[in-house]
Amino acid sequence: MIRLYDTTLRDGEQREGVSLTVEDKLSIARRLDTLGVSYIEGGFPVSNPKDAAFFVRAGELNLKQAQLVAFGLSCKKGTAAAEDAGLNILAACSAPIITLLGKAWDIQVEQVLATNRDENLRMIEDSVRFLVDKRKEVFLDAEHFFDGYRSDAAYALAVLEAGIRGGATAVVLCETNGGALPNEVFDITLAVSAALRDNGHGDVEIGIHTHDDSGCAVANSLEAVRAGATQVQGTVNGYGERVGNANLLTVLADLELKMGYEVVGGERLKLLTSTSQFVAETLNITPDPHQPYVGQSAFAHKGGLHVSAHDRLLHAYEHVDPVAVGNFAHIVVSELAGKVSLRTKASEFGITLPEQPEAIDRLLDNLKQREAKGYSYEVADASLALLLRAQLGEPITCFKLESFRVIADKREDGKLMTEATIKIHVGDERFVATGEGNGPVNALDVALRLAIRRFYPQIDELHLTDYKVRVIDESTGTSAITRVLIETSDGFETWGTVGVSENIIEASWNALVDAISYGLLRWNRDVSQVNT
Ligand SMILES: [Zn+2]
């Protein structure tokens, strides 16, 4: 049986920039109770009036599953526990369980606490006993336990023994600095477990509390469990000071899905993703899309191999079923990195790609080069269809550009007029047309229509319905690239096209030519199909 101990409301709130109201704390506690954690640490009522208020209102919670815990310090040096103001506040608080901090590192005792080792043991034992006498259950948080154990193992163990003598039901090994590695945590936890058993304290629960400074908080927690710990402390989404605490949600999923423990059970585990999002929202932190299990991208598949495998073998590329943790798989079809997805996409346009793998490789290479230049076909299917047809040697444009010129004219009356002149060839004929518009795209569109209407009267059915500009600079170190997306409709169907250039007018022209060409080609194909 593994018990989860959540300290989001105390250690999690130590994260920079985070501040929770009492209401926030109450609503997070409710969610944690629903998720099925065993213990919810509500705060440090001695130091913090807001936390004191939380414990006053905690009766409203009606917790069904979890028990509420208050955090505190052992008595001051040279003071009897009964005389310690802080311990009296803890004794009177509504939480049935108190987690008491005691120093387990000899250097800290001597230099930070500035007392001797025996007095530190006395303070811990007396403080625990005082609270136990007040009918509280007490957990001892052994601060800097792993550093302490490396420095003087016998003394670190004596600290645990002092807590147990006072009546603590759990001793929590705190990896306070976050620097330990999984093998050390395993070895030391195993040694502690054996020592407690040898001393007749096999019934005392061992807890683990880790921080992520070495990137090992979750791994360290799991190793401690393998070595005998049965209580795991952590925070939702790993929130905490510096780089954060052990992410309790990741620990939970790993324990349930990978290590065979029933901690909250399969049904409650499905609340993992929503709990993560709820707490992020309440703390006003943007959820990390790449967080294990619960992130929006945790089960996103992009790239040809995964997409093609997904159809055939559902879970071949997923380490667990996303449904188990309340998440779901996203398939990103825009990335045309693979042959199967390219074929699938081409067949959507009615294009049959050649069978030869070399031909497909050439198409993919070209696509990748264009994507590297800033092209994106996610919403520009029509440009992609034209590109594929062009590469297969099919004609895609009905006209050939000789040149265009765009003039923007700011007039005395304040109006800005744009005029475009284009020179194009249709078959053997040359046309020159000038159009006016409220912007360069509009003016070019008007001029192009004037020029080719005689040959392609159906152009009047095509309407530009949306125009988006985005400046992207990630693809080049020197100058910014402009990407223009145009949406066009013929009243029945809508299609998207893309143009990319360092110059916004050229990018717009490219997207416009694709928009018109795709519409005219579609019309021609429809007509030819009707005729045959
Ligand atoms: Zn901590």
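Above this text sits the structure in question.
Note that the coordinates shown come from a computational prediction; the quantities given were computed from them, not determined experimentally. Counting restarts for each chain, with residues numbered from 1 along the sequence as it is written. Totals for whole chains, interfaces and linings use all residues, but because this is a predicted model, local features are given only for residues with pLDDT of at least 70 and pairs of side-chain atoms are given and counted only at 80 or more. By convention in this description, side-chain values take in all heavy atoms of the structure and omit both hydrogens and water.

**Side note on the coordination of the zinc ion**
- Distances define the donors: N, O and S atoms within 2.8 Å of the metal qualify, as do those within 3.2 Å of Na, K or Ca. Water is excluded, so some sites may look unfinished. The protein atoms donating to the zinc ion are Asp-11 (OD), His-209 (NE2) and His-211 (NE2), with metal-donor distances spanning 2.0 to 2.2 Å.
- Each donor residue of the zinc ion lies on one chain, and together they are spaced D-x197-H-x1-H. Of this pair, Asp-11 sits in the loop between β1 (3-6) and α1 (22-35) while His-209 sits in strand β7 (residues 205-210), and the two are 198 residues apart along the sequence.
- Only protein chains enter the calculation, and the probe is 1.4 Å; a residue is then buried if its accessible area is under 20% of its type maximum, exposed if over 50%, and partly exposed in between. According to the relative accessible area criterion, Asp-11 is buried, its value standing at 5%.
- Residue His-209 is classed as buried on the basis of its relative accessible area, which comes to 5%. In this description a helix means any DSSP run of H or I spanning at least four residues, a strand means any run of E spanning at least two, and both kinds are numbered starting from the N terminus.

**Thoughts on the packing of aromatic side chains**
- Any two rings among Phe, Tyr and Trp, with Trp reduced to its six-membered ring, count as a pair given centres within 6.5 Å; such a pair is stacked if its planes are under 30 degrees apart, edge-to-face if over 60, and tilted if neither. In total, this model carries 10 aromatic pairs according to the counting rule given.
- Each ring, one from Phe-145 and one from Phe-146, has its centre 5.8 Å from the other, and the planes form 90°; the classification is edge-to-face.
- You can call Phe-145 buried: its relative accessible area is 0%.
- Given a relative accessible area of 1%, Phe-146 falls into the buried group.
- Aromatic pair Trp-495 and Tyr-518: ring centres 5.4 Å apart, planes at 50°, arrangement tilted. Taken as a pair, Trp-495 in strand β16 (residues 494-501) and Tyr-518 in helix α18 (residues 504-531) lie far apart in primary sequence, 23 residues in all.
- For Trp-495, a relative accessible area of 4% translates into the label buried.
- Chaining the aromatic ring pairs together yields one cluster made of Tyr-5, Tyr-39 and Phe-139.
- Of note, Lys-25 hangs over the ring of Phe-54, and the distance from its end group to the ring centre comes to 5.9 Å. We call a charge positioned above a ring when the Lys NZ or Arg CZ atom is no farther than 6 Å from the ring centre and deviates by at most 35 degrees from the ring normal.

**A word on the pairing of strand β4 (residues 97-103)**
- Among the 7 residues of β4, 7 are classified as buried, and the element is accordingly described as predominantly covered.
- Here β4 shows no split at all, with Ile-97, Thr-99, Leu-101 and Lys-103 on one side and Ile-98, Leu-100 and Gly-102 on the other all buried.
- Only strands joined by at least two bridges in the DSSP assignment are considered to pair. Both strand β3 (residues 67-73) and β4 contribute to a ladder of 5 bridges, which runs parallel. Looking at the pairing, Phe-71 lines up with Thr-99 of β4.

**Remarks on unusual backbone geometry**
- At Ala-114, a residue that is not glycine, the phi angle is positive and equals roughly 55°.
- Looking at the secondary structure, you find Ala-114 in the loop between α4 (106-111) and α5 (117-133).
- Phi angles above zero are rare outside glycine, and His-144 is one such case at about 55°.
- Assignment of secondary structure puts His-144 in the loop between β5 (137-143) and α6 (145-151).
- For His-144, a relative accessible area of 6% puts it in the buried group.

**Concerning helix α2 (residues 49-57)**
- Among all positions in α2, only Asp-51, Phe-54 and Phe-55 are buried. Along the axis of α2, the buried positions cluster into a sector of 95°, meaning they face one direction only. Relative to its buried face, α2 has exposed residues pointing more than 90 degrees away, namely Pro-49 and Val-56.
- Every residue pair with non-hydrogen atoms within 4.5 Å of one another is taken to be in contact. Considering only its buried residues, α2 is in contact with α1, β2 (39-43) and β3. The arc refers to the directions leading from the helix axis to the C-beta atoms.

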